[in-house]
Amino acid sequence: MKKKKPNKLKILNDPIYGFIQIPNSLIFDIIEHPYFQRLRRIAQMGLSNLVYPGANHTRFHHALGCIHLMEKAVRVLRFKQIEISKDEENAVYIAILLHDIGHGAFSHALEHSIVSGISHEEISLKFMKKLNEEFDGELDLAINIFEGNYHRKFLCQLISSQLDIDRLDYLKRDSFYTGVTEGNISSDRLIAMMNVKDDELVIEQKGIYSAEKFLIARRLMYWQVYLHKTGLVAENMLVNVLKRAKELAEKGVELYASTALNYFLYNKINQDNFTEETLEMFSKLDDYDVLSAIKEWVHHKDKVLSLLSKMIVDRKLLRIEIQNKPFVKNYINKKKNKFSKKLEISELDIDYFIFSQEIRNLAYQTDKPIYILNKKGKLKDIAKASDQLNLQALTKPVIKHFICYPK
């Protein structure tokens, strides 16, 4: 009997956009690859589900949503007589599909703990180059666009800019899954208003209010969701758990861990020694490895590791205070002295439980402007084109300071 060929032009049902069609068989094969399937096991929003119980969606959901929006963007621009070749179309689909493939477990926690000096964007690029070898160079153009090196600037801007397809999906998706309606932007309207002028991705004049709402929605989502105080505590505690595990591993202490997590705990991984073997191990590391290890570490003999792990598993998180000015050293030291005695933890180790940091949010960067195309064909920065005074305010970074300590 002849082996039946699989149907590669699948239709997927997305809770936000409805039916999403996979554009071609190459995209299907990339989605089917184990590197991409790993994204099913990487939470889009880290530990935000400790604040918003519905926020359990994954990087896999987000990547598929992005390719759907990119298809719409290509259709809109072609309708407006912007020439996009079949190769360029395919390349932007692949670039947006793989833009987050380098994210580690719980999204950002790994970058600040057991893997140092290499960002998720750099790891994404390593994955893309490895896939390119497997797919006989079919990702060449996608890699060029992803790196921002392609001569047609607007194609690079669709992947990464202040109004890119990535942001159009994650704001709407995160708003949907958290139930925070302030982030519910009209991605359809924004894409319909896209155009290209002087090789620059722009928004037409009649789309200015949708673009304004997008910027304000992004600012509100940062303060209400991405930088939510409880989410901040949880993410920093997760980073500290992994840092402590790494510190113990470096001293030769035995720790329960999956094969992939064990590799990153017991080896110093940075940009210089991130080999193909490291990439292969990274492709096997996901949220499940970290969470199952933390559940076991609750019973570890190291008090710092077990206490931090138990606090995360039971959601008995640290207390947090946020203010506009930095916390004075005297106040921090008082907290350290008090809880060092109370928890019977050394002054050296108390830093895992009491720490102060700053958070910053810049809703709009003037050095990478969103251009509005007026009816006369002239371009104007949205911050100057808008009659909204608060858009000017969004160009200034907002800095807040927080301290975490036990309850």
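Provided above is the structure to which this section pertains.
Peer 1: Describe the packing of aromatic side chains, listing the residues and the values that go with them.
Peer 2: This model, assessed by the stated rule, comprises eleven aromatic pairs. Ring geometry for Phe 176 versus Tyr 177: centroids 5.1 Å apart, planes at 85°, classification edge-to-face. A residue is classified by how much of its surface remains accessible, and Phe 176, at 45% relative accessible area, is partly exposed. Cluster of aromatic residues (ring-pair linked, three or more members): Tyr 35, Phe 127, Tyr 263, Phe 264, Phe 274 and Phe 282. Here the basic side chain of Arg 40 rests over the ring of Phe 60, its NZ or CZ set 3.9 Å away from the ring centre. Sitting over the ring of Trp 223, Lys 400 keeps its end group 4.3 Å from the ring centre.

Peer 1: Explain the environment of Leu 373 to me, using residue names and the numbers behind them.
Peer 2: Among the secondary structure elements, Leu 373 is positioned in strand 7 (residues 371-373). Taking the C-alpha atoms as reference points, Leu 373 and Ile 165, separated by 208 residues in sequence, lie 19 Å from one another. If we skip the residues at most four places from it in the chain, Leu 373 touches Asn 195, Lys 197, Val 202, Ile 203, Glu 204, Gln 205, Lys 378 and Leu 379.

Peer 1: Describe helix 3 (residues 59-79), naming the residues involved and giving the relevant values.
Peer 2: If you check helix 3, its first and last C-alpha atoms are 30 Å apart, about what 21 residues at 1.5 Å a residue would give, namely 30 Å. The first or second residue beyond helix 3 is Gln 81, which carries a positive phi of 65°.

Peer 1: Could you give me a rundown of the nonpolar core, with the residues and numbers involved?
Peer 2: By size, the foremost hydrophobic cluster in this structure holds 145 residues, and its most contacted members are Ile 165, Leu 168, Met 194, Trp 297 and Phe 353. If near-sequence neighbours (up to four positions away) are discounted, Ile 165 is found in contact with Cys 66, Leu 69, Met 70, Ala 73, Ile 96, Leu 158, Ile 191 and Met 194.

Peer 1: Give a detailed account of the packing of helix 11 (residues 229-250) against helix 12 (residues 259-266), specifying residues and quantitative values.
Peer 2: Angle between the axes and distance between the axes are the two parameters that describe a pair of packed helices. Close contact between helix 11 and helix 12 brings their axes to 8 Å; oriented N to C, the two are set at 70°. Taken together, the axes of helix 11 and helix 12 are roughly perpendicular relative to one another. Seen from helix 11, the contacting residues are Leu 242, Ala 245, Lys 246 and Ala 249; seen from helix 12, they are Phe 264, Leu 265 and Tyr 266. Its residues assigned to classes, the contact of helix 11 with helix 12 comprises six nonpolar, no polar and one charged.

Peer 1: Tell me about the side chain of Lys 246, and name the residues and values.
Peer 2: Its location among the elements puts Lys 246 in helix 11. For Lys 246, which is buried and forms no salt bridge, the nearest opposite charge comes from Glu 250, at a distance of 4.6 Å. Polar side-chain contacts of Lys 246 include one of 2.4 Å to the backbone oxygen of Asn 267. Every residue in contact with Lys 246, bar those within four places of it in the chain, is listed here: Ile 114, Phe 264, Leu 265, Asn 267, Lys 268 and Ile 269.

Peer 1: Quick one: what's the story with the sheet that holds strand 8 (residues 379-381), residue by residue and with numbers?
Peer 2: Pairing in this open sheet of four strands is mixed, and the strands run 3-4-7-8 from one edge to the other. Two strands close off the open sheet at either side, each with one partner strand: strand 3 (194-197) and strand 8. Each adjacent strand pair in this sheet contributes to an overall mean axis angle of 50°, direction not counted. Where strand 3 and strand 4 (residues 200-204) come together, four bridges link them in antiparallel fashion. Paired with Val 196 across the strands is Leu 201, a residue of strand 4.

Peer 1: Any chance you could break down empty space enclosed by the protein for me, citing the residues and the numbers?
Peer 2: Within this structure, the stated rule accounts for one cavity of 30 Å³ or more. Approximately 50 Å³ is the volume found for the largest cavity. Around the largest cavity sit Gly 102, Gly 104, Leu 110, Glu 111, Val 115, Ile 118, His 120, Ile 123 and Phe 282, which together line it. Grouping the amino acids of the lining of the largest cavity by side-chain chemistry returns five nonpolar, three polar and one charged.

Peer 1: So, the pairing of strand 1 (residues 11-14): which residues are in play, and what are the values?
Peer 2: Of the strand pairs in this sheet, strand 1 and strand 2 (residues 18-21) are connected by four bridges, and their pairing is antiparallel. Looking at the pairing, Asn 13 lines up with Phe 19 of strand 2. Two successive antiparallel strands, strand 1 and strand 2, enclose a turn made up of three residues.

Peer 1: Can you break down a positive patch on the surface residue by residue, with the values?
Peer 2: Together, Lys 229, Arg 315, Lys 316, Arg 319, Lys 338, Lys 342 and Lys 407 line one region of the surface with positive charge. Structurally, Arg 315 is set in the loop between helix 15 (303-313) and strand 5 (319-323). A relative accessible area of 39% places Arg 315 in the partly exposed class.

Peer 1: Tell me what's going on with the sheet that holds strand 9 (residues 398-405), and back it up with residues and numbers.
Peer 2: Strand order across the open sheet formed by three strands is 5-9-6, with antiparallel pairing between neighbours. Taken across any chain shown, the strands that pair with only one partner, and hence form the sheet edges, are strand 5 and strand 6 (355-361). For this sheet, the mean inter-axis angle between neighbouring strands, taken without regard to orientation, is 25°. Bridge analysis of strand 6 against strand 9 gives seven bridges, and the strand direction is antiparallel. If you follow Ile 359 over to strand 9, its bridge partner there is Lys 400. Relative to strand 6, helix 10 (residues 208-226) is tilted by about 165°, and along the sheet it contacts strand 6 and strand 9.

Peer 1: Would you mind going over unusual backbone geometry in detail, with residue names and values included?
Peer 2: The phi dihedral of Gln 81 is positive, around 65°, even though this residue is not glycine. Secondary-structure assignment places Gln 81 in the loop between helix 3 and helix 4 (86-97). Gln 81 sits in the exposed class, given a relative accessible area of 71%.

Peer 1: Describe the pattern of salt bridges, naming the residues involved and giving the relevant values.
Peer 2: Taken as a whole and assessed by the stated rule, the structure comprises 21 salt bridges. Across the pair Arg 41 and Asp 286 runs a salt bridge whose closest N-O atoms are separated by 2.6 Å. With Arg 41 in the loop between helix 2 (34-37) and helix 3 and Asp 286 in the loop between helix 13 (276-282) and helix 14 (287-297), this residue pair connects regions lying 245 residues apart in the sequence. Arg 41 sits in the partly exposed class, given a relative accessible area of 28%. Accessibility expressed as a relative area gives 4% for Asp 286, which makes it buried. In this structure, Lys 130 and Glu 133 form a salt bridge, with 3.9 Å as the shortest nitrogen-oxygen distance. In this pair, Lys 130 and Glu 133 are both assigned in helix 5 (residues 120-134), three residues apart and thus about one turn of the helix distant.

Calculation notes
- Residues numbered from 1 in each chain as written.
- Predicted model: local features only at pLDDT ≥ 70, side-chain atom pairs only at ≥ 80, totals over all residues.
- Heavy atoms only, no water.
- Phe/Tyr/Trp six-rings, centres within 6.5 Å; stacked < 30°, edge-to-face > 60°.
- Buried < 20%, exposed > 50% of the residue type's maximum accessible area, 1.4 Å probe, protein only.
- Lys NZ or Arg CZ within 6 Å of the ring centre and 35° of its normal.
- Helix = DSSP H or I, 4+ residues; strand = E, 2+ residues; numbered from the N terminus.
- Contact = heavy atoms within 4.5 Å.
- Expected span 1.5 Å × (residues − 1).
- Core = buried A, V, L, I, M, F, W, Y, C linked by side-chain atoms within 4.5 Å.
- Axes fitted to C-alpha atoms, helices over the stretch in contact; angles between N-to-C directions.
- Parallel < 35°, antiparallel > 145°, perpendicular 65-115°, else oblique.
- Nonpolar A, V, L, I, M, F, W, Y, C, P; charged D, E, K, R; others polar.
- Lys, Arg positive; Asp, Glu negative; His and termini not counted.
- Salt bridge = Lys/Arg side-chain N within 4 Å of Asp/Glu carboxyl O.
- Polar contact = N/O pair within 3.5 Å; in protein donor to acceptor, adjacent residues only side chain to side chain.
- Pairing = 2+ DSSP bridges.
- 1 Å grid on protein atoms, 1.4 Å probe; cavity = no way out; pocket = protein on both sides within 12 Å on 5 of 7 lines; lining within 4 Å.
- Points joined across faces, edges and corners; volume = space filled by probe spheres on them.
- Patch = residues over 30% accessible without salt bridge, like charges linked within 9 Å, V, L, I, M, F, W, Y side chains within 5 Å.
- Areas by Shrake-Rupley, 256 points an atom, 1.4 Å probe, with all protein chains shown as cover.
- Charge placed at Lys NZ, Arg CZ, Asp CG, Glu CD.

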